[in-house]
There are 2 protein chains.
Amino acid sequence: MIGKLFIIGLGPGDAAMLTPQAAVALTLASDLVGYGPYVDRAPQKPGQIRHVSDNRKELDRARHALEMAAAGRVVAVLSAGDAGVFGMASAVFEAIDKGEPAWRELEVEVVAGVSAMFAAAAQVGAFLGHDFCAISLSDNLKPWALVLRRLRAAAEAGFAMALYNPHSRARPWQLNAAFELLREVLPPETPVVFATAVSRVDEQIEIVTLAAADSLRADMRTLVMVGTAATRRIERPGRPPWVYTPRFAGDAA
Amino acid sequence: MIGKLFIIGLGPGDAAMLTPQAAVALTLASDLVGYGPYVDRAPQKPGQIRHVSDNRKELDRARHALEMAAAGRVVAVLSAGDAGVFGMASAVFEAIDKGEPAWRELEVEVVAGVSAMFAAAAQVGAFLGHDFCAISLSDNLKPWALVLRRLRAAAEAGFAMALYNPHSRARPWQLNAAFELLREVLPPETPVVFATAVSRVDEQIEIVTLAAADSLRADMRTLVMVGTAATRRIERPGRPPWVYTPRFAGDAA
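A brief structural summary. Each chain has its residues counted from 1, running along the sequence as written. Chain letters start at A and ligand numbers start at 1, both assigned in the order the entries are written. Per-residue local features are limited, in this predicted model, to residues with pLDDT of at least 70; the limit for side-chain atom pairs, both in listing and counting, is 80 or more; totals at the level of whole chains, interfaces and linings are taken over all residues. Hydrogens and waters are ignored; side-chain quantities use all the structure's heavy atoms.

Rotating chain A by 180° and translating it 0.0 Å along the rotation axis places it on chain B, where the RMSD comes to 0.0 Å. Both chain copies can therefore be described as sitting about a two-fold axis. In terms of C-alpha distance to the rotation axis, chain A has Cys133(A) as its closest residue, with the C-alpha 1.9 Å off the axis. Contact criterion: two residues are considered in contact whenever any of their non-hydrogen atoms come within 4.5 Å of each other. The overlap is high: 100% of the interface residues of chain A also sit at the interface in chain B, so the same surface is used on both sides. A least-squares superposition brings the copies together, and it is based on the C-alpha atoms of residues with pLDDT no lower than 70 in both.

Spelled out as structure tokens, the structure:
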């Protein structure tokens, strides 16, 4: 008997941003697999088994999920945001690619979710309102020189950016180095957003300039966004500004 | 009396991908504003007024919505996918930026949605599984030379890409020109996906190589995705391949 594997994006955190499709997939699963805080978001269901693991062991977790599905279980692998954006989807397909030939016969369904970067952009206006990119600052799996090359290419070509994995205990200096590089390319007043725990009760959003951006504002739950030379602030009396990147964001820096 | 403006991302089309948050916002609105096919997706509600307009008049539509909200209405501006990704959010904030000072006092809530590019990536595996970018091929509001510059920068730096607005009657040659440029940078076997009407009943997904990519496969409802030199196909007997961009997508072309 061959089971099924769901790879589910749970959205940024607020249950009102979990899609009905994802909610149904969660109820169909015999087994939930993921990082503890993500698995904790799924409603309790009698008989459903929860397999919680450390956030950094993506490939081991993917293999475990595939083994269970191959044994006939209905397994749901959980990611925050969209599972295809620096989430578990890529790790699962990498595990299939390198793994048992039988895994290619499994039913695998990736259930898209609301990405954290779009929830963050929405909270401040339309920060990613034109051509943009997403870059992971983690150098676990790619050389740091390549991260810098991508940051420079994106800034020079006028992409707004979302920076994932900006800071952790194992990654204490990278965000600061990224800001230093970006300051060589982009104007000092370029808007930067620190969006922490987006859509959750402890959400914190800070809008600063690139010149004043301090990497210590970021923690593991923070998404950092950097605008373009065209990104604009709309000031509002007594309230935080709106920030948007215009559709005609023509001029690169 | 001051009203409220929602800017809502409806997701790619399947109602199961509309978030509960967006569904609630739709019921709260006195007025729905948008391109006809998007407004048609909202459930009928007695007394709610629908303002349907041509897809290309974003700024006029944004101003109309703002005027109604300023007059005390609860207005929902609708976009497909996520409203912040080449949708109405940027147009609304641009209209505010250039418009009546009173509009800055409005309540504006952007309701994030499932982006079409992530739904498309999920349908084939994990196409955007590492650093990626989104580029609009429309040259209505930016010079075509800048589109080409961004395509080249993205390909050279090893970003996977989602290409929005690839084809229309007014934009018949741009996608072909984009493919020609990308063929100068990326290997001929680089995977390309044509994802048309993603998640809807007439969904059509084609996976080809960059060498064989034919711009005539795209229409107005198509999202085109182009991989990196690291993007991999997983062949499956008797079924379409899975395609994913690995997390270690280290080497640019």
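All names here are of chain B. Assignment of secondary structure puts Arg 200 in the loop between β9 (191-196) and β10 (204-209). We call a residue buried when its accessible area falls under 20% of the maximum for its residue type, exposed when it is over 50%, and partly exposed in between, using a 1.4 Å probe and counting protein chains only. Residue class for Arg 200 comes out partly exposed when judged on its relative accessible area of 34%. In this structure, the C-alpha to C-alpha distance between Arg 200 and Arg 239, residues 39 residues apart in sequence, is 20 Å. Here Arg 200 is in contact with Pro 12 and Gly 13, once residues within four sequence places are set aside. Helix and strand assignments come from DSSP, with helices taken as H or I runs of at least 4 residues and strands as E runs of at least 2, each series counted from the N terminus.

Each partner contributes residues to the interface: chain A has 73 residues there, and chain B has 73 residues. Note: buried area is the sum, over both parts, of the accessible area (probe 1.4 Å) each one loses when the two are combined. Summed over both sides, the interface between chain A and chain B buries roughly 6,100 Å², with carbon and sulfur atoms accounting for 59% of that surface. Salt bridge criterion: a side-chain nitrogen from Lys or Arg within 4 Å of a carboxyl oxygen from Asp or Glu. Here chain A is connected to chain B by 12 salt bridges. Among the ionic pairs, Glu58(A) bridges to Arg247(B), the shortest N-O distance being 3.5 Å. If one sorts the elements of the side of chain A that touches chain B by residue count, helix α4 (residues 88-98) of chain A sits on top with eight residues.

All names here are of chain B. With seven of nine residues buried, helix α5 (residues 116-124) is to be regarded as a mostly interior element. Within α5 the residues assigned to the buried category are Met 117, Phe 118, Ala 119, Ala 120, Ala 121, Ala 122 and Val 124. Two residues or fewer past α5, Gly 125 is found with a positive phi of approximately 135°.

What links the strands of a sheet is backbone hydrogen bonding, and the strands pair in either a parallel or an antiparallel sense. Residues and elements named next belong to chain B. We call two strands paired when DSSP finds no fewer than two bridges between them. In spatial order, the strands read β3-β2-β4-β1-β5; together these five strands make up an open sheet with parallel pairing. The two strands at the open ends of the sheet, each matched to only one other strand, are β3 (49-53) and β5 (107-111). Averaged over neighbouring strand pairs, the angle between their axes works out to 20° when direction is ignored. The pairing of strand β2 (residues 31-35) with strand β4 (residues 74-79) spans three bridges and is parallel. Across the sheet, Leu 32 pairs through a bridge with Ala 76, a residue of β4. The sheet strands contacting helix α3 (residues 58-70) are β1 (4-9), β2, β3 and β4, and the helix crosses β2 at an angle near 175°. Lines fitted to C-alpha atoms define the axes, with helix axes restricted to the stretch in contact, and inter-axis angles between N-to-C directions lie between 0 and 180 degrees.

For the rest of this paragraph, the subject is the sheet that holds strand β5 (residues 107-111) of chain A. Residue and element names in this part refer to chain A. Reading across from one edge, β3-β2-β4-β1-β5 is the order of the five strands in this open sheet, with parallel pairing throughout. The open sheet has two edge strands with one neighbour each: β3 (49-53) and β5. Each strand axis lies, on average, 20° off the axis of its neighbour in the sheet, ignoring direction. The sheet strands contacting helix α1 (residues 20-28) are β1 (4-9), β2 (31-35), β4 (74-79) and β5, and the helix crosses β1 at an angle near 140°.

What follows concerns the environment of Gly99(B). Residue placement: Gly99(B) occurs in the loop between α4 (88-98) and β5. With 35 residues separating them along the chain, Gly99(B) and Ala134(B) place their C-alpha atoms 28 Å apart.

This part is about the pattern of salt bridges. Across all of its chains, the model carries 34 salt bridges over all chains by this definition. Residue Arg221(A) pairs with Asp219(A) through a salt bridge whose shortest N-O separation is 3.4 Å. The partly exposed category is assigned to Asp219(A), whose relative accessible area is 29%. Salt-bridge contacts for Arg221(B) lead to Asp202(B); the nearest nitrogen and oxygen are separated by 2.6 Å. Here Asp202(B) lies in the loop between β9 and β10 and Arg221(B) lies in the loop between β10 and β11 (222-226), a separation of 19 residues in the sequence. Look at Asp202(B) and you get partly exposed, because its relative accessible area is 38%. The structure contains a network of salt bridges with shared partners spanning Glu58(A), Glu94(A), Lys98(A) and Arg247(B).

As a further point, take the packing of aromatic side chains. Pairing of aromatic side chains requires ring centres within 6.5 Å, counting the rings of Phe and Tyr and the six-membered ring of Trp. Pairs whose planes differ by under 30 degrees are stacked, by over 60 edge-to-face, and all others tilted. Inspection of every chain in the model, using the stated rule, returns 13 aromatic pairs over all chains. On the basis of an interplanar angle of 70° and a centroid distance of 6.0 Å, the ring pair of Phe179(B) and Phe194(B) is categorised as edge-to-face. With Phe179(B) in helix α7 (residues 174-185) and Phe194(B) in strand β9, this pair connects stretches of sequence that are 15 residues apart. With a relative accessible area of 0%, Phe179(B) lands in the buried category. An aromatic cluster is defined as three or more aromatic residues linked by ring pairs; in this entry it consists of Phe118(A), Phe132(A), Phe118(B) and Phe132(B). Between the NZ or CZ atom of Arg236(A) and the centre of the ring of Trp242(A), over which it lies, the distance is 3.9 Å. Both a distance and an angle decide whether a charge sits over a ring: NZ of Lys or CZ of Arg must be within 6 Å of the ring centre and within 35 degrees of the ring normal.

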